[in-house]
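# What the coordinates show
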Amino acid sequence: MAAIAADSVPGTKRVLIVLPTYNERENLEIMVARVLGVLPAAHLWIVDDNSPDGTGELAETIAARNERVRVFHRPGKLGLGTAYAESFGRALAAGYDYVVEMDADFSHDPAALPELLAAAQHTDLVLGSRYVPGGSTPDWSLSRRCISRIGNVMARTVLRLPVQDATTGYRVFNARALQTLRFDESSLRGYGFQIETAYQCHRAGLKVLEHPITFVDRRVGQSKMSRAIVLEALMYIVRRRLRGTVA
Ligand SMILES: Nc1nc2c(ncn2[C@@H]2O[C@H](COP(=O)(O)OP(=O)(O)OP(=O)(O)O)[C@@H](O)[C@H]2O)c(=O)[nH]1
Ligand SMILES: [Mg+2]
């Protein structure tokens, strides 16, 4: 895998990767090594929710060896949305120019980071998109494809959010986009959170760009995706529409 020079990621700006973790012990060490290898100047924060499998302790060991890595521990499984919302506030306070959302389970290929960050130079929010030409979900069952497609069709039609993949969890915000976000919906745990943040950026008139990614199934460990999270996202879309804030 080719490492890219610090000053091409992008300019000399500061890049932070946020990895929320819950039971990712088997993925974490190699994931962190790959991300830091691809982006030699970037920093990485792990936000662990007291994973029963010891991910938090492993994260501490990794951070002790590498000053570019920090760990934040939370008392229990509080959801992806709040992990990101807390991190965004801290990242802005720390002066980062770009913040990357990314899963720790290798569904999001670290090799795509340079392209996504390059795309971020021309926009406020880059969505790593499975539904633009060049993007794909090769491992998914028909039912999983349908669920994801339905969520995205709803986001497009009900919220009039003009993107193909509003639920993607691989994305880059610039500081301007992060400053725009308000987290009254931050209790959203998964796809709802992703749609909401893209929606807020779009509503604020910021530029949102989709860049193709291939989303593969996690290598090891268990998915935290559940029917409740899908339902939460669909309910959120309807609630958002009823609030009357759609353009
Ligand atoms: N801190 C924190 N991380 C979480 C929580 N839920 C999920 N994660 C992490 O968020 C990322 C995405 O979760 P996954 O379980 O892979 O869910 P998914 O990618 O939507 O679903 P799959 O494609 O089935 O894997 C992974 O890095 C998880 O470890 C949570 O409540 N708290
Ligand atoms: Mg996953």
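Residues numbered from 1 in each chain as written. Chains lettered and ligands numbered in written order. Predicted model: local features only at pLDDT ≥ 70, side-chain atom pairs only at ≥ 80, totals over all residues.

Among the six residues in strand 2 (residues 43-48), five count as buried, and that is most of the element. Where strand 1 (residues 15-21) and strand 2 come together, six bridges link them in parallel fashion. Across the sheet, the residue bridging to isoleucine 17 is leucine 44, located in strand 2. Assessed by its sense of winding, the connection that carries the chain from strand 1 through helix 1 (residues 25-38) to strand 2 is right-handed. Summarising the sheet, strand 2 and strand 3 (residues 69-73) pair through five bridges and their orientation is parallel. Within the sheet, the bridge partner assigned to leucine 44 lies in strand 3 and is valine 69. (Buried ≥ 20, exposed ≤ 12 C-beta atoms within 10 Å, placed from the backbone. Helix = DSSP H or I, 4+ residues; strand = E, 2+ residues; numbered from the N terminus. Pairing = 2+ DSSP bridges. Right-handed = clockwise from strand over helix to strand, strands pointing away.)

Turning to the sheet that holds strand 3, a few remarks are in order. Strands sit in the order 3-2-1-4-6-5-7 across an open sheet of seven strands; the sheet is mixed. The sheet is open, and its two edges are formed by strand 3 and strand 7 (208-212), each paired on a single side. Geometrically, the sheet is characterised by an average inter-axis angle of 20° between neighbouring strands, direction not taken into account. Lying on the sheet, helix 3 (residues 80-94) is in contact with strand 1, strand 2 and strand 4 (98-101); it crosses strand 1 at an angle near 155°. (Axes fitted to C-alpha atoms, helices over the stretch in contact; angles between N-to-C directions. Contact = placed C-beta atoms within 7 Å.)

One can find alanine 93 in helix 3. In the structure, alanine 93 is positioned 35 residues away from leucine 58 in sequence and 26 Å away in space, judged by C-alpha atoms.

Their axes nearest at 7 Å, the elements helix 7 (residues 191-203) and helix 8 (residues 227-242) cross at an angle of 30°. For the pair helix 7 and helix 8, contact is made by Tyr191, Gly192, Ile195 and Glu196 and by Ile229, Val230, Glu232, Ala233, Tyr236 and Ile237, respectively. Looking at the contact of helix 7 with helix 8 residue by residue, the class counts come to seven nonpolar, one polar and two charged. (Nonpolar A, V, L, I, M, F, W, Y, C, P; charged D, E, K, R; others polar.)

Around ligand 1, the structure places 21 residues, and the nearest of them are Pro20, Ala104, Ser223, Lys224 and Met225. Elements that contribute at least two residues to the shell around ligand 1 include exactly strand 1, strand 2 and helix 3. Taken together, the residues of the shell around ligand 1 break down into eight nonpolar, five polar and eight charged. (Near = placed C-beta within 6 Å.)

Here strand 4 shows a buried face lined by Tyr98 and Val100 and a second buried face lined by Val99 and Glu101. Pairing geometry for strand 1 and strand 4, over four bridges, is parallel. Residue pairing across strands places valine 15 opposite tyrosine 98, the latter belonging to strand 4.

Here the focus is unusual backbone geometry. A positive phi angle, near 55°, is found at asparagine 23, a position not held by glycine. Assignment of secondary structure puts asparagine 23 in the loop between strand 1 and helix 1. For asparagine 23, a count of 20 C-beta atoms within 10 Å corresponds to the buried category. Phi at arginine 160 is positive, roughly 55°, even though this residue is not glycine. Following the sequence through the fold, arginine 160 ends up in the loop between helix 5 (142-158) and strand 6 (171-174).

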